[in-house]
Amino acid sequence: MKIRLWLSIRVLFLVIISTGVIFYTTLLIIGQNFKKNAFKETMQVNDNNVSKYSSIVKTAIEKDFNLIRAYAQIAESKGVENFDKNRPFCNEILSGLAAKNTNFTAVWDTWELRFTNEKWNKTHGRISRSFYRTADGQIAIKLDSLDIEGDNLESMYYRYKLVSEEAITNPYVYSYTGERKDEILESSIVVPLTINNEFAGLAGIDLSLEHFQKMIDTLNRAQDFRVVLFSFNGDIIAHSDKNLIGKSIVVADTFLTSRYNMLDRIQSGKASHFIIKDAFGNDSSYFTLSSFTIGNTNTPWAMLIEAPLQKIETQVDSVKATLNTVVIAGLIILLLITAVFTMFLVLPLIKTKRILKKLADGNVEEIQKLNINSADEIGDMANSVNTVIEGMNRVTLYAEKIGEGNYNFEFTQLSKKDMLGNAIIEMSNSLKKAKEEESQRIEEERQLEWASQGINVFNKILRIDNQNLELLTYEIIKTLVVYLETHMGGIYLKNSLDEKELELISFIGFSKEKYEQRFVKIGEGEVGRCALEMETIFMNDIPIVFTLVTSGLGRSIPSSVLLVPLISNRELVGVLELESLKEIKRYQINFVERLAENIASTVSAVKNNVRTAQLLDQAQKQAEELEQQEEEIRQTMEEMQAAQEEAHKREEELSALIKGFSAMMPIIDYDLKGRVINVNENYLKIYKARKSQLLGKQHKADLFMNESELQKHQEFWERLTEGKDQELVEYVKSGKEDYWLVEKYIPIKDKYGLVHKIICIGIDITELKKTESKIKQIQEGTLNLKTGEKQEPKAKVAPIIDLNQELTIVDLTYLKMVYKRDSHKIYNILKLYYDTLPAQVDEVNKLAKDREYAKLKSRINSLKTKMSYLGLKQIYNSLGTIEKLIVEQKNLTEISTMLKTISNYWSIAQQELKKILRLPN
């Protein structure tokens, strides 16, 4: 009887304590679930709001895009032939758009002069018309002529000229009245204008961003959350704190920028969210960011909404307090009920008996552990039974996991003597090893099949009878990049003109700067080292200075670079380069090395075939020309004279003449605007260039000409277009060789007597010029007539300016390098700068005084380039600092002081230029 009473008391305490724990746990679960659901609902509402409001902003701007696109289509359809006639119609449309849309601060277009002015044949220069809203709400027009002296390489316009695409600019502060009080935050949307698939200009709308701030203010007042609108570069367009508008998020909130990569999230084009905790580790605020792309642009904007989470914590605490009261009341009631039923202490023994019976029957699945924690024999018995149950459940679970193929599932033995557990572990290890061996075998078979299929693919390409080396190598590198899933690659071949140099013959994915460095010396760089060592180079630890790979996510350093030499008959043919953002596997490297032998053999064979065909053709032509050369030249000259009498007959005779002379003389064809449309092999050999490099190039476009020379050049082409033959004597420096050519420019007329192209035939007078040079040297006393050796001249003729004199500020190093120390050309450009730069310096000072910072930035950019040519580093650096202050809108009051310093330096530079040019004081 005493034993039963003792057990009853312990059961009472056990039930009360266990029940209390259960109630408390339930309370925690309910509180957590309530908090979780409240948080989830708040987050969902926040996500829906940011999607909704960002769509409103996106729709509003895309509507404006549609307006300016429609205008661009109308302007392009009108064409440029009657530009002045159609201009009033276009002006009326622009003015109407500006008047009807109050959020437009300006509507404008800008056209390249070469499309609007038939006499303008330069690739730079444009005219801009802008209809803007004045301070009193009236629409005014502003007309500007820009980039007349040359393109502003750092301007927004020039960037869209190079890459013709729709865009929305970063926000900027601007005033169309020039008054600081009228400055507003705005952004521009631009659409390219094209004529015959050529870039002809831009059409755009300047949008006031103030109405977005009004919308955000309304949302912030009506809701518990805080809304912020960002541009692509992180500038704040709308914010509840007006002092932050126009500032970058990088400056305004360094915590969000550094901790949560805000700028990357804004520019991602995707939605994202995150939670910020307070100083006590509790969730403080939930942020949702929607990055959305506008129209066809690639510069997403973003909207951020912050939802406070503290109110949810308060509601959870209130619910918990109520539940605590309920739990206490329940425990009291349970205490009374438990006291009545403590007489049933034998129930644990009955439960234990039932469990042991189930264990004896092997029915483990339906067994639950005994919940007995007493420190007596019943407790010990219950613990033993629970241990057995746990062991059986663990073995059962482990067997199920092994059956599912999960060999990594952790199993804990009951003890070191647990024979069943040891047997199961050994079985698992055996099955795991067998599975790994099977996976390795399957992977090796897959790699062998992949390599075999790749060899078949490239064998088909290499078996094609292709005599075009560039086409063959491009097909090889394109297929190889796709098959290996790399991102870019190229094939370098030994230069036929220089055996110590490699030339990039074909590539895919290379950037412009990498392609421009297509000639590589053997031994220089990684490509040159691969060619020199004739060994494969594989790198997966790429330095930061390495060439960046361009992908849809931007530009980044490649993860792997593979360089494989192309070797045929133990001789180097070239180098194969592959770059990838993913790791290139060992079996892929083996495949490329195996394939490189076939590529080298095929490329070598194609080069030999092409060279053999060229030699055979050249030998045949030379044999025919040696027999008929004297007679053909005489007949050709007579035909050229007769061709002037009749246009149609001249066309046929000149065609025959060109075919005959094409094998002997350099010939180049121009259109009526002086652009190269065709060039023969003799011309390419003299200039050591490829045909693709010269096609479309302007006649003498790379030479600096003053106004007088430019006028003569224009008159030269006007006479040609009128049908008058012209002649020039040209000096060509090609590598280490010198050439003199008499270039005869012959207008070619069609059957209607209209000139449709210009043919330039070059007559090589190099030997004659060299002879004249020797005669001149003999006359000047610099060449000994008897011995043929050079000697000191009797008297030196001084150049037009002294290029070696010591200077304090001006540095002529750059000009001497560009114009190869030609004192006459350097004199011309220095004289031009001496005459024009003072006015530009005065203009910069005036713009700074009037605080017209937008124009000032444009003028400084042009002035910087000219100061760099003169080597005026002090002025160049100061102009760069001013430009940076304007961009950052900081310390603008320092600009006037810096311009005074620039003026002082320029005064000294003017005196040195006067000294160099030998001008009178």
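For the structure, see preceding data.
Summary of the structure given here. Here the structure is a predicted model, which means the values were calculated and not measured.

With that settled, the discussion passes to the overall build of the protein chain. A count of helical and extended segments in the protein chain gives 26 helices and 25 strands. A buried classification covers 39% of the 921 residues belonging to the protein chain. Once local pairs closer than 6 in sequence are excluded, the contacts in the protein chain between residues at least 24 apart make up 54%. Total accessible area on the protein chain stands at roughly 54000 Å², and carbon and sulfur atoms take up 53% of it.

A separate point is the environment of Ile882. As for its placement among the helices and strands, Ile882 is situated in helix H25 (residues 873-888). Distance from Ile882 to Ser896, taken between C-alpha atoms, is 9.5 Å for residues 14 residues apart in sequence.

Counting 47 residues, the largest nonpolar core has Ile61, Ile68, Trp111 and Met303 as the members making the most contacts within it. For this core, the leading source of residues is helix H1 (residues 2-78), giving 9 residues. By size, the runner-up hydrophobic cluster in this structure holds 40 residues, among which are Leu812, Leu830, Ile886 and Met898.

A word on the packing of aromatic side chains. Summed over the entire model, instances satisfying the criterion amount to 16 aromatic pairs. Taken together through their ring pairs, the aromatic side chains of Trp450, Phe458, Tyr483, Tyr587 and Phe591 make up a single cluster. One residue, Arg126, lies across the ring of Tyr157, its end atom 3.8 Å from the ring centre.

Attention now moves to helix H24 (residues 853-869). Between its first and last C-alpha atoms H24 spans 24 Å; for 17 residues at 1.5 Å apiece the expected length is 24 Å, and the two agree. Residues of H24 that are buried include every one of Tyr853, Leu856, Ile860, Asn861, Leu863, Lys864, Lys866 and Met867, and no others. As for H24, its buried residues are in contact with helix H23 (823-849), H25 and helix H26 (895-917). Looking one or two places after H24, you find Gly871, whose phi comes out positive at around 70 degrees.

Let us look at the sheet that holds strand S19 (residues 560-568). Spatially, the 6 strands line up as an open sheet ordered S15-S14-S13-S20-S19-S16, and their pairing is antiparallel. A single partner strand is all that each edge strand has here, and the edge strands are strand S15 (519-521) and strand S16 (537-539). The mean angle between the axes of side-by-side strands here comes to 20 degrees, regardless of whether they run parallel or antiparallel. On the sheet, helix H13 (residues 469-484) packs against strand S13 (488-494), strand S14 (501-508) and strand S20 (571-580) and is oriented at approximately 60 degrees with respect to S14.

So, about the environment of Ser896. Locating Ser896 in the fold gives a position in helix H26. In this structure, the C-alpha to C-alpha distance between Ser896 and Asn845, residues 51 residues apart in sequence, is 7.7 Å.

Here we come to the packing of H24 against H25. Direction vectors running N to C along H24 and H25 enclose 155 degrees, while the axes themselves pass 9 Å from each other. Here H25 runs roughly antiparallel to H24, going by the angle between their axes. Here H24 and H25 pass one another in a crossing that is left-handed. Residue-level inspection shows Tyr853, Leu856, Lys857, Ile860, Asn861, Leu863, Lys864, Met867 and Ser868 of H24 in contact with H25, the latter providing Ile875, Tyr876, Leu879, Gly880, Ile882, Glu883, Ile886 and Val887.

Moving on, we get to the pairing of strand S10 (residues 271-277). The two faces of a sheet get side chains in turn, since along a regular strand they alternate between them. Alternating residues of S10 divide into Ser272, Phe274 and Ile276, all buried, and Ala271, His273, Ile275 and Lys277, none buried. When S10 meets strand S11 (residues 283-292), the two strands line up antiparallel, connected through 7 bridges. If you follow Ala271 over to S11, its bridge partner there is Ser290. Count of turn residues in the S10/S11 antiparallel hairpin: 5 residues, of which Gly281 carries a positive phi of about 85 degrees.

Its identity as a non-glycine residue notwithstanding, Asp147 has a phi of 55 degrees, on the positive side. Structurally, Asp147 can be placed in the loop between strand S3 (139-146) and helix H4 (156-162). By relative accessible area, Asp147 is classed as buried at 15%. Positive phi outside glycine occurs at Asn891, with the angle close to 50 degrees. Mapped onto the elements, Asn891 comes out in the loop between H25 and H26.

Strand order across the open sheet formed by 5 strands is S22-S21-S25-S24-S23, with antiparallel pairing between neighbours. What marks the edges here is a single partner per strand, and that holds for strand S22 (676-679) and strand S23 (726-734). On average, each strand axis in the sheet is inclined to that of its neighbour by 25 degrees, with strand direction left out of account. As paired elements, strand S21 (residues 667-670) and strand S25 (residues 755-764) share 4 bridges and run antiparallel to each other. If you follow Tyr670 over to S25, its bridge partner there is Ile758.

So, on to the pattern of salt bridges. Under the criterion given, the structure shown has 30 salt bridges. Between Arg114 and Glu112 there is a salt bridge, with its nearest N and O atoms 4.0 Å apart. Owing to a relative accessible area of 25%, Arg114 belongs among the partly exposed residues under this scheme. Its relative accessible area of 0% is what places Glu112 among the buried residues. Put simply, Glu593 and Arg586 hold a salt bridge, and the shortest N to O gap is 3.9 Å. Classification of Glu593 by relative accessible area gives partly exposed; the value is 27%.

Our next topic: the pairing of strand S8 (residues 226-230). In terms of burial, S8 is a largely internal element, 4 of the 5 residues being buried. Here S8 pairs with strand S12 (residues 301-308) via 5 bridges, running antiparallel. Directly across from Val228, in S12, lies its bridge partner Leu304. For S8 and strand S9 (residues 236-238), the ladder comprises 2 bridges, and the chain directions are antiparallel. Of the residues in S9, the one forming a bridge with Phe230 is Ile236. Connecting S8 to the next strand, S9, in antiparallel fashion are 5 residues, including Gly234 with a positive phi near 90 degrees.

In this section: the side chain of Ser187. Relative to the helices and strands, Ser187 is located in strand S6 (residues 184-195). Engagement of the side chain of Ser187 in a polar contact is seen with the backbone oxygen of Thr169, the distance being 2.6 Å. Among all residues touching Ser187, those that are not within four sequence positions of it are Ile168, Thr169, Asn170, Pro171, Tyr172, Ile205, Asp206, Leu207, Leu209 and Trp301.

Here we take up the environment of Trp906. On the secondary structure map, Trp906 appears in helix H26. Sequence separation between Trp906 and Ile809 is 97 residues, and the spatial gap between their C-alpha atoms is 9.1 Å.

Let us now look at H23. Across its 27 residues, H23 extends 39 Å between first and last C-alpha, which sits within 8% of the 39 Å expected from 1.5 Å per residue. The largest bend along H23 reaches roughly 35 degrees and is located at Thr836, with the proline Pro838 sitting one to four residues downstream. N-capping of H23 is provided by Asp822, with a side-chain oxygen placed 3.1 Å from the backbone N of His824. Among the residues trailing H23, Arg851 stands out with phi positive, at a value near 60 degrees.

About the thresholds
- Residues numbered from 1 in each chain as written.
- Predicted model: local features only at pLDDT ≥ 70, side-chain atom pairs only at ≥ 80, totals over all residues.
- Heavy atoms only, no water.
- Helix = DSSP H or I, 4+ residues; strand = E, 2+ residues; numbered from the N terminus.
- Buried < 20%, exposed > 50% of the residue type's maximum accessible area, 1.4 Å probe, protein only.
- Contact = heavy atoms within 4.5 Å.
- Areas by Shrake-Rupley, 256 points an atom, 1.4 Å probe, with all protein chains shown as cover.
- Core = buried A, V, L, I, M, F, W, Y, C linked by side-chain atoms within 4.5 Å.
- Phe/Tyr/Trp six-rings, centres within 6.5 Å; stacked < 30°, edge-to-face > 60°.
- Lys NZ or Arg CZ within 6 Å of the ring centre and 35° of its normal.
- Expected span 1.5 Å × (residues − 1).
- Pairing = 2+ DSSP bridges.
- Axes fitted to C-alpha atoms, helices over the stretch in contact; angles between N-to-C directions.
- Parallel < 35°, antiparallel > 145°, perpendicular 65-115°, else oblique.
- Left-handed = near helix turned anticlockwise from the far one by under 90°.
- Salt bridge = Lys/Arg side-chain N within 4 Å of Asp/Glu carboxyl O.
- Polar contact = N/O pair within 3.5 Å; in protein donor to acceptor, adjacent residues only side chain to side chain.
- Bend = angle between axes of the 7 residues up to and from the residue.

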